[in-house]
Amino acid sequence: MFDPESESQDRDERAALQLSRLRQLVGRLRASGSDYWSDKLAGAEPDDLTSLDDLRSLPFTGKAEFRDTYPLGMLAVPREDVVRVHASSGTSGKPTIVAYTANDVAVFAALNARALACAGASSADTIHVAYGYGLFTGGLGLHFGVEALGAMAVPASGGNQPLQLSLLADLGARGLCATPSFSLLLAERAIAEGTTGIDLRYGVLGAEPWSEPLRERIEASWSEVTGGPFDACDIYGLSEVMGPGVAAEAHDSKGAMFLFDDHVYPEIVEPGSGVPVRDGERGELVLTTLTREAQPVIRYRTGDVTRFVDGETPCGRTHRRIARLQGRVDDMLIVRGVNVFPREIETVLLDEPGLTGAYRIVVDRRETLVRVEVVAETGADGEDRAALADRLRDLLRERVRVGVDVTLVDPGTLPVQETGKAQRVFTWDAGDARPW
Ligand code: DLL
């Protein structure tokens, strides 16, 4: 454990700490002088919060508030106290900016150090960080976590697989921080090329949804490369709340993640009504940052679906656990770490006069890297059809910021849906028939 005192704190003591941090937070935000916070917390008094359930009397926060207050309208400290910003990779319009004070950056690092230790990391390790560095929170978030742990960080960032593989072998990394899909890609390449000398033992993998079968493939592939065991552990987080390190899986209790609830307080609610679900039921994860200074969030609707998981774990951590993420409340897709909204794709297609309006968006998950394909009907043929496809590819790349494949077909090719809500987005999994 990186911080045994906090991570294995008695649950009643932690509840008292959470309540006192919540009251301090509300007091601090009310006194911040910010228009956003005085509106948001109008009428809320720290003294009225006598139990953690009273948090429910405070309003939710939605993603739209970040957009409406862009870039820094939610700041709760003087701007000169901010030491860093990150931005989320949303596809529509401006990105979401998140700001950190020196203390926020220290907590961010400490929580990522906890996550690394959950996966089995120790200060003697070399840890290869292949999340993107830059505005994205993944690279720098895990990087500072590695340093806080006292381990050695290799800031590889994404791309350049041959270099990544030779660094993994030459520097003897024990840990790999990457998206699950990139981790599998690297392992499969190492197998195909017969790379030797890699001694990876664990992965801290997240930023996108991934399944148990994918975990098995990742663990088996790295074991094939190294000849030893490999623990693929999940890590969860989101920019609006902090970045990675909100929750993490331990190598000896896989299947659910510890949510570091001395700093981030979780609720799970029904997505429509916002009413808390019964314990153990699935719903939308709602998070309150108890200690963030620069840009806290109160009851942030993450859009991520999970449930609380009870029960003891062999490691003795006492944090509340959540099941691995089970999907999103809205229909956002995450393609290579970029958030893609089908509605954005739809806008481009509906704007194009050369198309009939019958289309499908296919999320092709048959291979390691997710691919998005648009299949649309058009009356155009020959060169006109080819030119239209090229134009759509460019417009889609501009709009959603990931490459989208375009297949144009004759009118009447796509099945007509007679009943129920229109289904436009189809997932194509390995073994499935082509979804059109
Ligand atoms: O993806 C932060 C992160 C970086 C997490 C590195 C883990 C590792 P955003 O770009 O703001 O931040 O995207 C946040 O990604 O609301 C989830 O929908 C999804 N997500 C993140 N981690 C997981 C995970 C980072 N382990 C959004 N499983 C979140 C499933 C995840 N989905």
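Here is what the cut-offs are and how they apply
- Residues numbered from 1 in each chain as written.
- Predicted model: local features only at pLDDT ≥ 70, side-chain atom pairs only at ≥ 80, totals over all residues.
- Heavy atoms only, no water.
- Helix = DSSP H or I, 4+ residues; strand = E, 2+ residues; numbered from the N terminus.
- Buried < 20%, exposed > 50% of the residue type's maximum accessible area, 1.4 Å probe, protein only.
- Disulfide = S-S within 2.5 Å.
- Polar contact = N/O pair within 3.5 Å; in protein donor to acceptor, adjacent residues only side chain to side chain.
- Contact = heavy atoms within 4.5 Å.
- Near = heavy atom within 4 Å.
- Areas by Shrake-Rupley, 256 points an atom, 1.4 Å probe, with all protein chains shown as cover.
- Nonpolar A, V, L, I, M, F, W, Y, C, P; charged D, E, K, R; others polar.
- Pairing = 2+ DSSP bridges.
- Axes fitted to C-alpha atoms, helices over the stretch in contact; angles between N-to-C directions.
- Domains from an automatic or database assignment.
- Parallel < 35°, antiparallel > 145°, perpendicular 65-115°, else oblique.
- Expected span 1.5 Å × (residues − 1).
- Arc of directions from axis to C-beta.

**Quick notes on unusual backbone geometry**
Here Tyr 70 and Pro 71 are connected by a cis peptide whose omega angle stands at 0 degrees. Tracing the sequence through the fold places Pro 71 in the loop between α4 (63-68) and β1 (82-87). The residue Asn 160 is not glycine, and still its phi comes out positive at about 45 degrees. Positioned with a positive phi, Ala 207 is a non-glycine residue whose angle comes to about 80 degrees. Structurally, Ala 207 is set in the loop between β6 (202-206) and α9 (212-226). Classification of Ala 207 by relative accessible area gives partly exposed; the value is 38%.

**Observations regarding the state of the cysteines**
Here a disulfide denotes a covalent bond joining the sulfur atom of one cysteine to the sulfur atom of another. What the rule picks out here adds up to 0 disulfides. With no disulfide partner, Cys 118 has as its closest neighbouring cysteine sulfur the one in Cys 315, 6.6 Å distant. By relative accessible area, which is 1% here, Cys 118 ends up buried. Here Cys 177 is not cross-linked by a disulfide; its sulfur's nearest cysteine counterpart is in Cys 233, at 11 Å. Since its relative accessible area comes to 0%, Cys 177 is described here as buried.

**Observations concerning the side chain of Thr 288**
By secondary structure assignment, the location of Thr 288 is in strand β11 (residues 283-289). A distance of 2.9 Å separates a polar side-chain atom of Thr 288 from the backbone nitrogen of Arg 299. If we skip the residues at most four places from it in the chain, Thr 288 touches Leu 22, Leu 25, Leu 55, His 263, Val 264, Tyr 265, Val 297, Ile 298 and Arg 299.

**Description of the site of the ligand**
Residues in close proximity to the ligand total 19 residues, the closest being Ala 207, Asp 234, Ile 235, Ser 239 and Asp 304. A distance of 2.5 Å separates an oxygen atom of the ligand from a polar side-chain atom of Ser 239. Here an oxygen atom of the ligand sits 2.6 Å away from a polar atom, N or O, in the side chain of Asp 304. Coverage of the ligand by the protein amounts to 96% of the 600 Å² it exposes when considered alone. At the level of secondary structure, the elements contributing two or more residues to the shell around the ligand comprise α6 (137-149) and β7 (231-238). Of all the elements, β7 adds the most residues to the shell around the ligand, at 5 residues. When the residues that make up the shell around the ligand are grouped by side-chain class, the tally is 10 nonpolar, 5 polar and 4 charged.

**Focus on the sheet that holds strand β10 (residues 264-269)**
In spatial order, the strands read β10-β11-β12; together these 3 strands make up an open sheet with antiparallel pairing. Only two strands of the sheet have a single partner each, and these edge strands are β10 and β12 (300-306). Here the average twist between neighbouring strands, direction ignored, is 35 degrees. As judged from the 4 bridges shared by β11 and β12, these two strands associate in the antiparallel manner.

**As for the domain arrangement of the protein**
With domains assigned, the protein is organised as domain 1 (1-329) and domain 2 (333-428). Using only C-alpha atoms to locate each centre, domain 1 and domain 2 end up separated by 32 Å.

**Observations regarding the packing of helix α5 (residues 102-118) against α6**
Close contact between α5 and α6 brings their axes to 7 Å; oriented N to C, the two are set at 75 degrees. Between α5 and α6, the angle falls in the class roughly perpendicular. Along the contact surface, α5 presents Phe 108, Ala 109, Asn 112, Ala 113, Leu 116 and Ala 117, while α6 presents Thr 137, Gly 141, Leu 142, Phe 144, Gly 145, Val 146, Ala 148 and Leu 149. Each residue belonging to the contact of α5 with α6 can be placed in one class, and the counts come to 10 nonpolar, 4 polar and no charged.

**Topic: the sheet that holds strand β13 (residues 308-309)**
The strand order β4-β3-β5-β6-β7-β8-β9-β14-β13 describes an open sheet built from 9 strands, whose pairing is mixed. One side of each edge strand has no neighbouring strand; the edge strands of this open sheet are β4 (152-154) and β13. Judged from the 3 bridges that link them, strand β8 (residues 243-249) and strand β9 (residues 256-259) form a sheet pairing that is antiparallel. For Ala 247, the partnering residue across the bridge sits in β9 and is Leu 259. Its contacts with the sheet place α5 against β3 (126-129), β5 (175-178), β6, β7, β8 and β9, and it is angled at close to 30 degrees to β8. Helix-sheet contacts for α9 involve β5, β6, β7 and β8, and the interaxial angle to β7 is about 130 degrees.

**Overview of α9**
Taking 1.5 Å of rise per residue, 15 residues should cover 21 Å, and α9 covers 21 Å from first to last C-alpha, within 8% of that figure. Along α9, the residues classified as buried are Leu 214, Arg 215, Ile 218, Glu 219, Ser 221, Trp 222, Val 225 and Thr 226. In a view along the axis of α9, the buried residues occupy a sector of 165 degrees, so they form one face of it. Across α9 from its buried face, at more than 90 degrees, point the exposed residues Pro 213, Glu 216 and Glu 224. Packed against the buried residues of α9 are α7 (161-171), β5, α8 (180-193), β6, β7 and β8. Positive backbone phi, approximately 80 degrees, marks Gly 227, located one or two places after α9.

**With respect to α8**
In this model α8 runs 20 Å from its N-terminal to its C-terminal C-alpha over 14 residues, within 8% of the 20 Å that 1.5 Å per residue would give. Burial in α8 covers these residues: Pro 180, Ser 181, Phe 182, Ser 183, Leu 184, Leu 185, Leu 186, Ala 187 and Ala 190. Summarising the contacts, the buried residues of α8 are in contact with α7, β5, β6 and α9. Of the residues one or two after α8, Gly 194 is the one with positive phi, at around 65 degrees.

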